[in-house]
Every structure is written in structure tokens, then in C-alpha cells.
Amino acid sequence: MNITDLPFGVTDWSEVEKTEYSGEHGVAYWKTRNFGNIRVRMVEYSPGYLADHWCSKGHILLCLEGELHTELQDGRRFVLKPGSSYQVADNVELHRSSTEQGATLFVVD
């Protein structure tokens, strides 16, 4: 990643408006900031959330609260707890998220 043309800045996430996205079950709330071609998000999944699609977008994702279950289309499964992260490139390993208890994530893509 080469980050250019991005002056120093601070984001107070409590001031960023939420957008709601429905999953197959539950909802996701995104607080999103865009910096050129870099998207940065705080994402909160409700308890019982299951994504309604297989995602092909690359991410760097850090679990802040709760527990996130990530399933790859090839059947592998991973559990992220607070302080753990994953990274995946665009268009290489389709993945989808779910959570039983809810989760809060910091995502860069």
C-alpha cells in the first residue's frame, strides 16, 4: 500500500453518521470515512448477524469487541476475538461474516 496525498487528521468516530445494512440475519452499522481510494470503517454487527453475500473485497480487519466468525467459500472457518485481525486481498478468497453475540470491528479497505 502506498498512501499519498493524505494530510494528518483525527477522526472522532462518535461524530460519524451510521449507515444500516441488513444481513441475511441481523444488521450491520457502518461508520465510514473515505480518504482518496482508502475506505476506513467502524462496523458494528448485531447479535445473530449473518452476511447476505460472499465478499470479494480485500480488507484489513481488527476485532475490537465481541466475536466475529469468518467463513471462506472453500469451507475454512476462523474466529476473531478482541485484539485479533485478518487480512485478505481483493478477489482471492471469498469470505462472509457472522456473529452470535455481536461484534465491533475496525476495517481498512
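Scope of this entry: the structure provided in the associated data block.

The rules behind these values
- Residues numbered from 1 in each chain as written.
- Predicted model: local features only at pLDDT ≥ 70, side-chain atom pairs only at ≥ 80, totals over all residues.
- Heavy atoms only, no water.
- Pairing = 2+ DSSP bridges.
- Helix = DSSP H or I, 4+ residues; strand = E, 2+ residues; numbered from the N terminus.
- Axes fitted to C-alpha atoms, helices over the stretch in contact; angles between N-to-C directions.
- Salt bridge = Lys/Arg side-chain N within 4 Å of Asp/Glu carboxyl O.
- Buried < 20%, exposed > 50% of the residue type's maximum accessible area, 1.4 Å probe, protein only.
- Lys, Arg positive; Asp, Glu negative; His and termini not counted.
- Polar contact = N/O pair within 3.5 Å; in protein donor to acceptor, adjacent residues only side chain to side chain.
- Contact = heavy atoms within 4.5 Å.

## Considerations on the sheet that holds strand 1 (residues 18–22)
Spatially, 1-2-3-10-5-8 is the arrangement adopted by the six strands of the open sheet, whose pairing is antiparallel. Unpaired on one side and paired on the other, strand 1 and strand 8 (85–88) mark the two borders of the sheet. For this sheet, the mean angle separating the axes of adjacent strands, direction not counted, is 25 degrees. Both strand 3 (residues 38–45) and strand 10 (residues 103–108) contribute to a ladder of six bridges, which runs antiparallel. Within strand 10, the position partnered with Tyr45 by the bridge is Ala103.

## Examining the environment of Asn37
Within the element layout of this structure, Asn37 appears in the loop between strand 2 (27–35) and strand 3. Taking the C-alpha atoms as reference points, Asn37 and Ile3, separated by 34 residues in sequence, lie 9.3 Å from one another.

## Some thoughts on the pattern of salt bridges
Any two side chains of opposite charge can pair, on the condition that their charged atoms come close. What the rule picks out here adds up to eight salt bridges. Salt-bridge contacts for Arg76 lead to Asp74; the nearest nitrogen and oxygen are separated by 3.0 Å. Take Asp74: its relative accessible area is 53%, and that puts it in the exposed class. Counted as one network, the salt bridges with shared partners bring together Arg39, Arg41 and Asp109.

## Considering the side chain of Lys31
For Lys31, the position within the fold is in strand 2. The charged side chain of Lys31 is buried without a salt bridge, its nearest counter-charge being Glu44 at 6.9 Å. Reaching out from Lys31, the side chain makes a polar contact with the backbone oxygen of Trp13 at a distance of 3.0 Å. Excluding residues within four positions of it along the chain, Lys31 makes contact with Trp13, Ser14, Val16, Glu17, Lys18, Val40, Arg41 and Met42.

## Quick word on the pairing of strand 6 (residues 68–72)
For strand 6, a buried count of four out of five residues is recorded, marking the element as mostly surrounded by other parts of the structure. Linking strand 6 back to strand 7 (residues 77–80) in an antiparallel pair, the connection comprises four residues, with Gly75 at a positive phi of about 105 degrees.

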